[in-house]
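# Structural characterization, general
Spelled out, the chains give:
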Amino acid sequence: MTKGHSISARHIHIKGIVQGVGFRPFVYNLAAELGLEGWVLNSSSGVEIQALGPGYVLDEFVERLMEDAPPLARIEYISATTIPPSAVDVPDGHFIIRHSQAQPGEFLPISPDVSICDDCLRELFDPGDRRYRYPFINCTTCGPRFTIIQDIPYDRPKTTMASFVMCPDCRAEYDDPADRRFHAQPNACPVCGPKVWLQIPNLKSQISTGDDAIQKVREMLVEGEIVAVKGLGGFHLACDATNDDAVALLRERKGRVDKPFAIMSFDLETVKSCCEVSDDERALLTSRERPIVLLRRRSGAPISPLTAPGNDYLGVMLPYTPLHYLLLEPSGSLDIVHCSFPLALVMTSGNYSEEPIATDNDEALERLDGLADAFLLHDRDIHARCDDSVTRIFSGAELPIRRSRGYAPYPVHLPFEVRQVLAVGAELKNTFCLTRDRYAFLSQHIGDMENYEALRFFEQMVEQLERAFRIEPEIIACDLHPGYLSSKYAREQEARCKEQEASGSPASRVLHPASCILYPVQHHHAHIASVMAENGLTGEQPVIGVAFDGTGYGADGAIWGGEFLVADYVSFRRAAHLKYVSLPGGDAAIRKPYRTALAHLWAAGLDWDDRLPAVAAAPLGERPVLLQQLKQAVGVVSTSSVGRLFDAVSSLAGVRQEINYEAQAAVEFEMLAEDGVGEAYSFNLVGEEIDVSPCIRAVVADVRAGVPAGVIAARFHNGLAQMISEVCLCLRKETGLKEVALSGGVFQNVTLLGKTLPLLRESGFTVYIHRLVPPNDACISLGQAVIAGIKA
């Protein structure tokens, strides 16, 4: 300690992502550098420090805690309180790391999983390193976090690494303040850590282990076989992305006809050989989150067209675990003569379509039997199932499509405090959201809530995150739709809670015994509230909210999806919307866009002309039934959906008549839109209704005139963007509002977004879009939570 200066003491409390990121070792080394005495520990509410030294040195200490924090740390709050020097329990004049302290009711954010760092990657391929080719190498700045954490504070005994006792070498690193693995909780090596092995379905014995197993898997992939690979947050199904037969076989087995597969390549140069990569896309690809990034495919790229049929983009990611690098290394040894390893592997979720991703070895061997020819397994348990995130670059910044690994469960910071809420989200692309104070903790991607397996995954994660963040919800928010599994879950929780209150028995789950407030929230109001919340809007002034999607249950019982709302967090007014069109067969019309096209033709007063592709696609025996349904309004659903309008125009233009994944017709239609087309189809605003008939008539005329589908697509996108701008101008004239918020799955369409934003900004609007959470239904839970947390 510096002599000749008066001694002071500080108690410092830090909140944020400060556990599992090397923060205590950083504090320890900084204190040692500055000659301070005291201690640091993890608690359930963050990091606690007591430091003793000259006042000016303590000031520098606090300043450098913020300025020099580890790269993975995110400091959200720091307080430094002066305390009497005698209050500091100084252990022999040193600075030490103390044992963690659990504090009832306290919480802190949990670090997402982090991709392998450059230092660990160098060691992985260094023949002289003791972790050479060890597939679980990690340190304080990389590796698993969220997927292995069982509780806080973040210490090894509270992770799935608890059963692996460190060997003397690993323990020495763990205890050495000068080592990169000082207090790295998942620290391990080939001697003491997790192991990898190869197993064939129906055989309980291991075929091979360690690097030999990895090499055998590589050979199987080269030969066109499909391998289930246990990863960070679940299993992938892997095959050679350059092999048409392998990709076709995977599609057949998985029951995934056209929906794009993600691919993984060894390095950035390999990705550039297959796709166009901008500087912003490069930064996103190589970020520590390592998401799947949508990149434009290069003409002639040697990737099988079956990876993403009808799509100009490929979903590409770089390896994010040591095991991935070992699988994909281009120069590894292969026993197959004259054969190099593929440029890319398909790496798609290890499940049958619409099921949650498999995580447990036994579960995978049972569920994925019939999908995979072999299994590459390991014995580090996955506590939290977590799919890969999907994102893209739009206008120089990130536009999320699926927020999961690498991002979840990092919270959205709210501009105000809210009550403790569990918001259960929507049916498709489900996430849930838990709130307390100014934090909104969104779950990872749950998926489509359409089966029991998805519901069980949802329930398990609700319990895990309520426990981790010490949240006892006072309110359960849900969608208005009575048929959503998530909404049924919310109603069942409310009923169970009331029964428990009446009987005086304790709650059977984490919900607080008084948590009997069920708060239904309209779907599109939730969309707009979510984009407001992530952009930090306080809600003191309403916005013009434009919510365009495929399906959302309306306040009148119809299916909304083309909505202009004047909204804040407390209320909304439906200021304008697409005029209702009747869909014959409801969900059947979604799967068969030609039905939606026929409905729009009928609503526009146009004949069902056999020369139109949509009409030709409708079986002759089906047409009179559909016509009768429309005339008598029997078996039809009224909708204002822009998503269904995209389906209709795509069908009319001859692009897609039936779909096998959500929004397929719209995605393929967008891909065709030609550049340099100035013309636009028109819409007609009458009162609060937007009549799409002028657009439909113009599309039909163009189809009859032989106008290419790419030109039709461009004119449609132009017209939709102009309609949005014109309606917003009308609403500004009525309300004086100058802020517009865009949300809904339709705004994943970057062609539409790219045409809409300039028009609105040129008209003097401030426009808010999604940058932290997806614009699709994954954002619904955030909007529900904020609305319910404020209003109730």
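Residues numbered from 1 in each chain as written. Predicted model: local features only at pLDDT ≥ 70, side-chain atom pairs only at ≥ 80, totals over all residues. Heavy atoms only, no water.

### Thoughts on the overall build of the protein
This is how the line gets drawn: Here a helix means four or more residues in a row that DSSP labels H or I, a strand means two or more in a row labelled E, and each is numbered from the N terminus. Radius of gyration: C-alpha atoms only; globule rule: 2.2 Å multiplied by the number of residues to the exponent 0.38. Buried residues are those whose accessible area, probed at 1.4 Å on protein chains only, stays under 20% of the maximum for their type, while exposed residues exceed 50% and partly exposed ones sit between those limits. In this analysis, two residues are considered to be in contact whenever any of their non-hydrogen atoms come within 4.5 Å of each other. To be clear on the numbers: accessible area is Shrake-Rupley with a 1.4 Å probe, and residue cover counts the displayed protein chains and nothing else.
A tally of helices and strands in the protein yields 23 helices and 29 strands. On C-alpha atoms alone, the protein measures out to a radius of gyration of 28 Å, which is about the 28 Å that the 2.2 N^0.38 rule sets for 792 residues. In the protein, buried positions account for 61% of the 792 residues. Contacts in the protein between residues at least 24 apart in sequence constitute 72% of all its contacts with a sequence separation of at least 6. Of the roughly 28,700 Å² of accessible surface on the protein, 49% is carried by carbon and sulfur atoms.

### What to know about the sheet that holds strand β12 (residues 313-317)
How we decide: When DSSP finds two or more bridges between two strands, those strands count as paired.
With mixed pairing, 11 strands are arranged side by side in an open sheet as β7-β6-β14-β8-β9-β13-β10-β12-β11-β15-β16. The sheet is open, and its two borders are formed by β7 (208-209) and β16 (397-402), each paired with just one other strand. With 3 bridges joining them, strand β10 (residues 262-264) and β12 adopt parallel strand pairing. From the neighbouring strand, Met264 faces β12, where its bridge partner is Met317.

### Some details on helix α4 (residues 168-175)
The test is simple: Along the arc lie the directions from the helix axis toward the C-beta atoms.
Along α4, the residues classified as buried are Cys170, Glu173 and Tyr174. Relative to the axis of α4, the buried residues are bounded by an arc of 100° and lie together on one face.

### Considerations on the packing of aromatic side chains
Formally: Classification of ring pairs rests on two measures: the distance between centres of Phe, Tyr or Trp rings, Trp counted by its six-membered ring, which must be within 6.5 Å, and the angle between planes, read as stacked under 30 degrees, edge-to-face over 60 and tilted in between. Charges are assigned to positions over rings by a cutoff of 6 Å between ring centre and Lys NZ or Arg CZ, combined with an angular limit of 35 degrees from the ring normal.
All told, the structure shown has 15 aromatic pairs when counted by the stated rule. With a centroid separation of 5.9 Å and 55° between ring planes, the pair formed by Phe669 and Phe716 is classed as tilted. With Phe669 in helix α19 (residues 664-672) and Phe716 in helix α21 (residues 709-735), this residue pair connects regions lying 47 residues apart in the sequence. Using a relative accessible area of 0% as the deciding quantity, one classes Phe669 as buried. One aromatic cluster is present, built from ring pairs that chain together Phe125, Phe266 and Tyr325. Lying over the aromatic face of Phe341, Arg218 brings its terminal NZ or CZ to 4.4 Å of the ring centre. Taking NZ or CZ as reference, Arg251 lies 4.2 Å from the ring centre of Phe261, over its face.

### Let's talk about the packing of α19 against α21
Helix packing for two helices is described by the angle between their axes and how far apart those axes are. For clarity, the threshold we go by: Inter-axis angles, ranging from 0 to 180 degrees, are taken between N-to-C directions of lines fitted to C-alpha atoms, where helices are fitted over the stretch in contact. Should an angle lie under 35 degrees it is considered roughly parallel, over 145 roughly antiparallel, and from 65 to 115 roughly perpendicular; all remaining angles are considered oblique.
One can describe the packing of α19 onto α21 by two numbers: an axis separation of 7 Å at closest approach and a directional angle of 100°. One element, α19, and the other, α21, form an angle in the roughly perpendicular class. Contacts between α19 and α21 involve Phe669, Glu670 and Leu672 on the former and, on the latter, Ala709, Gly710, Ile712, Ala713, Phe716 and His717.

### A short note on the pattern of salt bridges
Stated precisely, the cut-off is as follows: Should a side-chain nitrogen of Lys or Arg be within 4 Å of a carboxyl oxygen of Asp or Glu, the pair is scored as a salt bridge.
Counted according to the given criterion, the structure contains 42 salt bridges. One salt bridge in this structure joins Arg704 and Asp609, with 3.3 Å as the shortest N-O distance. Of this pair, Arg704 sits in helix α20 (residues 693-704) while Asp609 is found in the loop between α15 (593-603) and α16 (613-617), placing the two residues 95 residues apart along the sequence. Take Asp609: its relative accessible area is 14%, and that puts it in the buried class. Taking the shortest distance from any N to any O, the salt bridge between Glu679 and Arg715 comes out at 3.7 Å. Of this pair, Glu679 sits in the loop between α19 and β26 (684-686) while Arg715 sits in helix α21, and the two are 36 residues apart along the sequence. Residue classification places Glu679 among the partly exposed positions, given a relative accessible area of 43%. Among the residues examined, Arg715 registers a relative accessible area of 17% and is labelled buried. Beyond isolated ion pairs, a larger network of salt bridges with shared partners links Asp119, Arg122, Glu123, Arg180 and Arg181.

### Description of the sheet that holds strand β18 (residues 433-442)
Pairing between the strands of a sheet is mediated by backbone hydrogen bonds and can be parallel or antiparallel. With mixed pairing, the 4 strands of this open sheet are ordered in space as β18-β17-β19-β20. Two strands bound the open sheet, and with one partner strand each, they are β18 and β20 (517-521). Averaged over all neighbouring strand pairs, the angle between strand axes comes to 60°, with direction disregarded. Packing of helix α12 (residues 485-503) onto the sheet brings it into contact with β17 (412-423), β19 (475-479) and β20, and relative to β19 it is tilted by some 150°. Helix-sheet contacts for helix α13 (residues 523-534) involve β17, β19 and β20, and the interaxial angle to β17 is about 140°.

### A word on the confidence of the model for the protein
In plain terms, the rule: Confidence of the predictor in every single residue is expressed as pLDDT, which spans 0 to 100.
Put simply, the protein has an average pLDDT of 93, and 97% of its residues get 70 or more. Considering only residues more than four positions removed or in separate chains, one finds that residues 508-514, a stretch of pLDDT under 50, has 21 contacts.

### Notes on the nonpolar core
Under the convention used in this document: The term nonpolar core refers to a set of buried residues drawn from Ala, Val, Leu, Ile, Met, Phe, Trp, Tyr and Cys, joined through side-chain atoms within 4.5 Å.
Ranked by size, the top nonpolar core spans 102 residues in total, and within it Ile49 and Phe61 carry the most contacts. For this core, the leading source of residues is helix α11 (residues 452-468), giving 8 residues. The contact partners of Ile49, leaving out residues within four places of it in the chain, are Arg10, His11, Ile12, Ile14, Val27, Trp39, Val40, Phe61, Leu65 and Phe95. Formed by 69 residues, the second largest nonpolar core is a distinct cluster that contains Val615, Val655, Leu720 and Leu757.

### Thoughts on α19
Most of α19 sits out of view: 7 of its 9 residues are buried. For α19, every residue scored as buried is listed here: Gln664, Ala665, Ala666, Glu668, Phe669, Glu670 and Met671. Where the residues of α19 are buried, they touch β12, α15, α18 (642-652), α21 and α22 (750-762).

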